[in-house]
Amino acid sequence: GIQVEQSPPDLILQEGANSTLRCNFSDSVNNLQWFHQNPWGQLINLFYIPSGTKQNGRLSATTVATERYSLLYISSSQTTDSGVYFCAVEPGTSYDKVIFGPGTSLSVIP
Amino acid sequence: DVKVTQSSRYLVKRTGEKVFLECVQDMDHENMFWYRQDPGLGLRLIYFSYDVKMKEKGDIPEGYSVSREKKERFSLILESASTNQTSMYLCASSFLTGTDTGELFFGEGSRLTVL
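These notes cover the structure that comes with them. (Residues numbered from 1 in each chain as written. Chains lettered and ligands numbered in written order. Predicted model: local features only at pLDDT ≥ 70, side-chain atom pairs only at ≥ 80, totals over all residues. Heavy atoms only, no water.)

**Quick notes on the side chain of Ser75(B)**
Residue and element names in this part refer to chain B.
Working step 1: Position of Ser75 among the secondary structure elements: in strand E8 (residues 73-78).
Working step 2: Polar side-chain contacts of Ser75 include one of 2.7 Å to the side chain of Glu22.
Working step 3: Setting aside its immediate chain neighbours within four residues, Ser75 contacts Leu21, Glu22, Trp34, Ser65, Val66 and Ser67. (Helix = DSSP H or I, 4+ residues; strand = E, 2+ residues; numbered from the N terminus. Polar contact = N/O pair within 3.5 Å; in protein donor to acceptor, adjacent residues only side chain to side chain. Contact = heavy atoms within 4.5 Å.)

**Things to note about the pattern of salt bridges**
Residue and element names in this part refer to chain B.
Working step 1: Summed over the entire model, instances satisfying the criterion amount to nine salt bridges over all chains.
Working step 2: The residue Glu69 makes a salt bridge to Lys53 at a minimum N-O spacing of 2.5 Å. Placement of the pair is Glu69 in strand E7 (residues 65-70) and Lys53 in the loop between strand E5 (42-49) and strand E6 (56-57), with a sequence separation of 16 residues.
Working step 3: Counted as one network, the salt bridges with shared partners bring together Arg36, Asp38 and Arg44. (Salt bridge = Lys/Arg side-chain N within 4 Å of Asp/Glu carboxyl O.)

**With respect to the interface of chain B and chain A**
Working step 1: Taken together, the contact between chain B and chain A spans 25 residues of the former and 18 residues of the latter.
Working step 2: Both sides together, the interface formed by chain B and chain A hides about 1,800 Å², and carbon and sulfur atoms give 54% of it.
Working step 3: Looking at the side of chain B facing chain A, the largest losses of area belong to Asp100(B), Thr101(B) and Phe106(B), adding up to 26% of the total buried there.
Working step 4: Here chain B is connected to chain A by zero salt bridges.
Working step 5: Sorting the residues of the side of chain B that touches chain A by element identifies strand E4 (31-38), E5, strand E9 (87-94) and strand E10 (105-106) of chain B as the ones contributing at least two each. (Buried area = accessible area lost by both parts, 1.4 Å probe.)

**Some thoughts on the packing of aromatic side chains**
Working step 1: By the definition in use, this model includes nine aromatic pairs over all chains.
Working step 2: Ring geometry for Phe35(A) versus Phe106(B): centroids 5.4 Å apart, planes at 85°, classification edge-to-face. Here the residue Phe35(A) occupies a position in strand E4 (residues 29-37), and Phe106(B) occupies one in strand E10, the pair thus bridging two chains. An identical accessibility class is assigned to Phe35(A) and Phe106(B); each is buried.
Working step 3: On the numbers, 6.1 Å between centres and 75° between planes, the contact of Phe100(A) with Phe106(B) is edge-to-face. Taken together, the residues Phe100(A) in strand E10 (residues 99-100) and Phe106(B) in strand E10 connect one chain to another.
Working step 4: Assessed through its relative accessible area of 9%, Phe100(A) is described here as buried.
Working step 5: An aromatic cluster of three or more residues is present, and its members are Phe35(A), Phe86(A), Phe100(A), Phe33(B), Tyr35(B), Phe48(B) and Phe106(B).
Working step 6: Sitting above the plane of the Tyr69(A) ring, Arg22(A) keeps its charged end 4.3 Å from the centroid. (Phe/Tyr/Trp six-rings, centres within 6.5 Å; stacked < 30°, edge-to-face > 60°. Buried < 20%, exposed > 50% of the residue type's maximum accessible area, 1.4 Å probe, protein only. Lys NZ or Arg CZ within 6 Å of the ring centre and 35° of its normal.)

Spelled out as structure tokens, the structure:
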């Protein structure tokens, strides 16, 4: 089956710093989403981005489907950005199975 | 805004008890999903449903069943809870797009402890 990798696994940032999180996948995908899991456990949608680039405030994402990766950019990080960031893909061969990556744990310190 | 509501944030049950986890969404989504999340194992799909009274097994259906009697409600049932079902349970929903599963929206999660 498809493999989804995220890097780095852990990241510590000073407040105000920028960061790039990466998601690699081993096969073609129908869609790709980025989520932020807050400290209380809820998964919050960030981007639904099977291809191209999207921006939402301090966050932006780019997916290059042909090269099988996606990047999540966080600029001017804030302590509220702390948590775990997941990418999730739906394999091109499977309509119903969304596969989650292992996540990147981000800590933003004041 | 999409709202996915899970009935209980925290539950403590005893081994052998029957457990119901309820999930309701208010956006008329066709698809609904149940995941569990465990440290080191990530999120794993238990069951999903793409229509009323329809259900499909995910990757780890053993020990669980589901019910979807109404479009907005998807219930996860543990017939006889066991300690290895202690976990965080996450419900999600999405529109049926015809080309993919659509954008997933998650509830707040239900943290179940089985003693």
